[in-house]
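Residue-level structural notes
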Amino acid sequence: MCLAVPGRVTEIEDRDGTRMATVDFGGVVKEVCLEYLPDLQVGEYAIVHVGFALQKLDEESAKQTLELFANLGLLQEEFGDPWELAAEAGAPRWADDKDVPQEAQQ
Amino acid sequence: MKYLDEFQDPDLARRLLDDIHSVVTRPWALMEVCGGQTHTIIRHGIDQLLPDQVELIHGPGCPVCVTPLEVIDKALEIASRPGVIFCSFGDMLRVPGTGRDLFQVRGEGGDVRVVYSPLDALHIAQQNPDREVVFFGIGFETTAPPNAMTVYQARKLGIKNFSLLVSHVRVPPAIKAIMESPNCRVQGFLAAGHVCSVMGVGEYPDLADRYRVPIVVTGFEPLDILEGVRRTVLQLERGEHTVDNAYPRAVRPEGNPAAQAMLADVFEGTDRAWRGIGVIPDSGWRLSSRYRDFDAEHRFSVGDIDTREPAECRSGEVLQGLLKPNECAAFGTTCTPRNPLGATMVSSEGACAAYYLYRRLDITTAPLEASPVA
Ligand code: SF4
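Note that residues are indexed from 1 along each chain, following the sequence as it is written. Chain letters and ligand numbers both follow the written order, the letters beginning at A and the numbers at 1. For this predicted model, a pLDDT threshold of at least 70 governs which residues receive local features, and a threshold of 80 or more governs which side-chain atom pairs are given and counted, while totals over whole chains, interfaces and linings are taken from all residues. Side-chain calculation: all heavy atoms of the structure are included, whereas hydrogens and water are not.

Topic: the overall build of chain B
The test is simple: Where helices and strands are cited, they refer to DSSP runs of H or I of at least four residues and of E of at least two residues respectively, numbered from the N terminus. Each radius of gyration is computed over the set of C-alpha atoms, and the globule rule expresses the reference value as 2.2 Å times the number of residues to the power 0.38. Each residue is placed in one exposure class: buried if its accessible area under a 1.4 Å probe, protein chains only, is under 20% of its type's maximum, exposed if it is over 50%, and partly exposed if it falls in between. The method behind every accessible area is Shrake-Rupley, applied with a 1.4 Å probe, and residues are considered shielded solely by the protein chains displayed. By the counting scheme adopted, Arg and Lys are positive, Glu and Asp are negative, and His together with the chain ends is not counted. One atom stands in for each charge, and that atom is NZ of Lys, CZ of Arg, CG of Asp or CD of Glu.
When helices and strands are counted, chain B shows 17 helices and 11 strands. Over its C-alpha atoms chain B spans a radius of gyration of 21 Å, differing by no more than 12% from the 21 Å that the globule rule assigns to 374 residues. For the C-alpha atoms alone, the extent of chain B along its principal axes is close to 65 × 50 × 40 Å. Relative to its 374 residues, chain B shows a buried fraction of 61%. Accessible surface for chain B amounts to roughly 13800 Å². Of this, 47% is attributable to carbon and sulfur atoms. Averaged over its 37 positive side-chain charges, chain B has a centre that lies 3 Å from the centre of its 48 negative ones.

Set out below in structure tokens:
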């Protein structure tokens, strides 16, 4: 939750007096509020945190960071199914733990 | 240096490392403030690639970890109430309160929903006018502006059934508290890049001066961390202590003024308890009096809650850099990610979880089975 993820603006519109954008995060598309970066244009990149664009970023750095976050599994953490993640409580990563008590695995 | 192949640009990584190796003459202890940076460091074995004299100490910068137990308990209490829709970011679901977590509250019938953005919670409130919708507003200076904007919008749109359970914390007072702690060993800071994207670097020169400590604004990629370490060590070796921005592609010196203005409108400074650490003066935000109507604590009067931290959990020391996770007696035995005793083990950004995840089980200073468990 703490890390901001870079994304590319594909569309901008005014909604209820709020400047909103459609932003592509390497395939995952989300609605993002542009009120803190009102000058952002379609095609530009920004770092986005919990649905808000916070700072502009150049394309090259944005792409590199996205690739890195994808490799680290951070995009899955940010955009994956949170209930599944919570239910597993890290099961894919810690699944090989023999010593984890059964009752903690529900 | 087997890990180097995993770097995006192994040649550059090697050059940075060579540079660090060549300038270090004495031992230095640096703290990376942000949990995201800790994650990168442990995952890529950066701490092991650095010269032995350079020690990285993990800081308190994991919002999930430092949210006080009392606030988690308040969240659990509110989320259990009939008629309430409790909205949260996904990483809070498994953070243990006293005896249970949000995941369990949902299992018991509570209407707990996970949102990507606080604005999603506001939409849920619009769609459910007969229900009370509460959003769990935690986090540092990066998360506070989105939450502030959401409350501002709620007021502007006249939405009455929305409120915020707020527990925001700020980095600079934490740096101050760490430097003033009697056992402090930190000699330089890698400041959290995204926090500075919002706040700029204006709060840091005073701290650098007062505590004679270099503060280098650092990003999250492995190469960013190496560059941050390199610049901090260079300053230390030269006897300098200035604020330096090693993450200019995302951090402007002035930060994001629009976000800062919104923060100043919606929030006001307050003392905050940090989980495991205790109260740090003026280290957080709460809703300012003009937005009191949107404060879930007022709306649901959840004042007197009896909280109990597991006695054996030493996350407070971990968060202050006084103890490495695997020096805790419970680490990997009674405390694992599936059965966590402290938030630093539950959050993926927590230092205990990072050590467990990347199998840093081998460098304990004391044998686990010989350690007393309270
Ligand atoms: S290993 Fe577990 S019990 Fe020990 S400090 Fe970390 S979270 Fe607390």
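As for the pattern of salt bridges
Stated precisely, the cut-off is as follows: Every case where a carboxyl oxygen of Asp or Glu lies within 4 Å of a side-chain nitrogen of Lys or Arg is listed as a salt bridge.
Going through the model one piece at a time under the given rule, you end up with 27 salt bridges over all chains. Here A:Arg15 ties to A:Glu13 by a salt bridge, and the two come within 2.7 Å at their closest N and O atoms. Exposure remark for A:Arg15: the relative accessible area of 30% places this residue in the partly exposed category. The partly exposed category is assigned to A:Glu13, whose relative accessible area is 37%. Here B:Glu70 and B:Lys74 are joined by a salt bridge, their closest N and O atoms 3.6 Å apart. One end of the pair is B:Glu70 and the other is B:Lys74, both in helix H5 (residues 69-80) and four residues apart, which spans about a single turn. The network of salt bridges with shared partners includes B:Asp19, B:Glu227, B:Arg230, B:Arg231 and B:Asp244.

Regarding the pairing of strand S4 (residues 111-114) of chain B
It is a general feature of regular strands that their side chains alternate between the two faces of the sheet. Residues and elements named next belong to chain B. Our working definition: For two strands to be treated as a pair, DSSP must find at least two bridges joining them. With its strands directed away from the observer, a crossover is right-handed exactly when the path from the first strand over the helix to the second travels clockwise.
Inspection of the sheet shows strand S3 (residues 84-88) paired to S4 by four bridges, in the parallel sense. Bridged to Ser88 within S4 is Val114. The parallel pair S3 and S4 is bridged by helix H6 (residues 102-107), and the resulting crossover is right-handed.

Remarks on the confidence of the model for chain B
Residue and element names in this part refer to chain B. Here is the rule we go by: Values of pLDDT, which run from 0 to 100, indicate the predictor's confidence residue by residue. Residues are treated as being in contact if the distance between any of their heavy atoms lies within 4.5 Å.
Mean pLDDT over chain B works out to 89, with 93% of the residues at or above the 70 mark. Within the model, the stretch residues 363-374 combines pLDDT values under 50 with 12 contacts to residues more than four positions away or in other chains. Across the assembled chains, the prediction reports ipTM 0.85 with pTM 0.86.

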